[in-house]
Amino acid sequence: MKMPHKYAIEIFYSDEDEGFIAVVPELAGCSAFGETEEEALSEVKVAIGLWLDTAREEEREIPEPSGREQLREILAGKGVACEPREIA
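Predicted, not measured: the structure shown is a model, and the values here were computed from it. The numbers attached to residues start from 1 for each chain and follow its sequence in the written order. Only residues with pLDDT of 70 or above have their local features reported here, since the model is predicted, and side-chain atom pairs are shown and tallied only from 80 upward, although totals for entire chains, interfaces and linings are computed over all residues. As a convention, hydrogens and water are excluded, and side-chain values are obtained from all of the structure's heavy atoms.

1. With respect to the overall build of the chain
Rule in force here: Note on conventions: DSSP H or I runs of at least 4 residues are helices, E runs of at least 2 residues are strands, and numbering of each starts at the N terminus. We call a residue buried when its accessible area falls under 20% of the maximum for its residue type, exposed when it is over 50%, and partly exposed in between, using a 1.4 Å probe and counting protein chains only. Only heavy atoms matter for contacts: two residues are in contact if any of them lie within 4.5 Å across the pair. Methods summary: accessible areas were calculated by the Shrake-Rupley approach with a probe of 1.4 Å, and residue burial reflects only the protein chains presented.
If you tally the helices and strands in the chain, you get two helices and three strands. Ordering the α and β elements of the chain from the N terminus gives β-β-β-α-α. Within the chain, the fraction of its 88 residues that count as buried is 25%. Contacts in the chain between residues far apart in sequence, at least 24 positions, make up 29% of those at least 6 positions apart. When the accessible surface of the chain is summed, it comes to about 6,900 Å², and 51% of that surface belongs to carbon and sulfur atoms.

2. Points about helix α1 (residues 37-57)
An α-helix turns once every 3.6 residues. As a result, residues three or four positions apart point the same way. Just so we agree on the cut-off: In this analysis, the expected span of each helix is defined as 1.5 Å times one less than the number of residues it contains.
Between its first and last C-alpha atoms α1 spans 30 Å; for 21 residues at 1.5 Å apiece the expected length is 30 Å, and the two agree. Restricting attention to buried positions, one finds in α1 the residues A40, V44, A47, I48, G49, W51, L52 and A55.

3. Quick look at the nonpolar core
Operational definition: To define a nonpolar core, start from buried Ala, Val, Leu, Ile, Met, Phe, Trp, Tyr and Cys residues and group those joined through side-chain atoms within 4.5 Å.
Residues Y7, V24, L27, C30, I48 and W51 are the most contacted members of the largest nonpolar core, which totals 14 residues. Going through the elements one at a time, β2 (19-23) and α1 are the ones with two or more residues in this core. At seven residues, the largest contribution of residues to this core is made by α1. Once residues within four sequence positions are removed from consideration, I48 is found in contact with H5, Y7, I9, V24, L27 and C30.

4. Here we look at the pattern of salt bridges
We count it as follows: Basic side-chain nitrogens of Lys or Arg form a salt bridge, by our definition, when they fall within 4 Å of a carboxyl oxygen of Asp or Glu.
With the rule as written, the count across this model stands at two salt bridges. Linking D53 and R56 is a salt bridge whose minimum nitrogen-to-oxygen distance equals 3.3 Å. Of this pair, D53 and R56 both sit in helix α1, three residues apart, roughly one helical turn. Judged by relative accessible area, D53 falls into the partly exposed class, the value being 34%. For R60, the salt bridge is made with E58, and the minimal N-O distance between the two is 3.0 Å. For R60, a relative accessible area of 38% gives the class partly exposed.

If you want it as structure tokens, here you go:
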């Protein structure tokens, strides 16, 4: 069984493409398309595996996943509160 990838994945709807785009900000150029969010997520998981395989074959540097830390930085740049808070 393959270990799950620990890279942050961003999924958004594209009016232009009329579907969902999933991107992995830490892996340059790694993205996928799906007609549903679930399909885009499934496809981007395949893309991550292919990206990593290619990087290993070409002896390129593979970035360590920063996951939540990178998400905090992204959200902080957009002025969104990043600290967890209790919802009543």
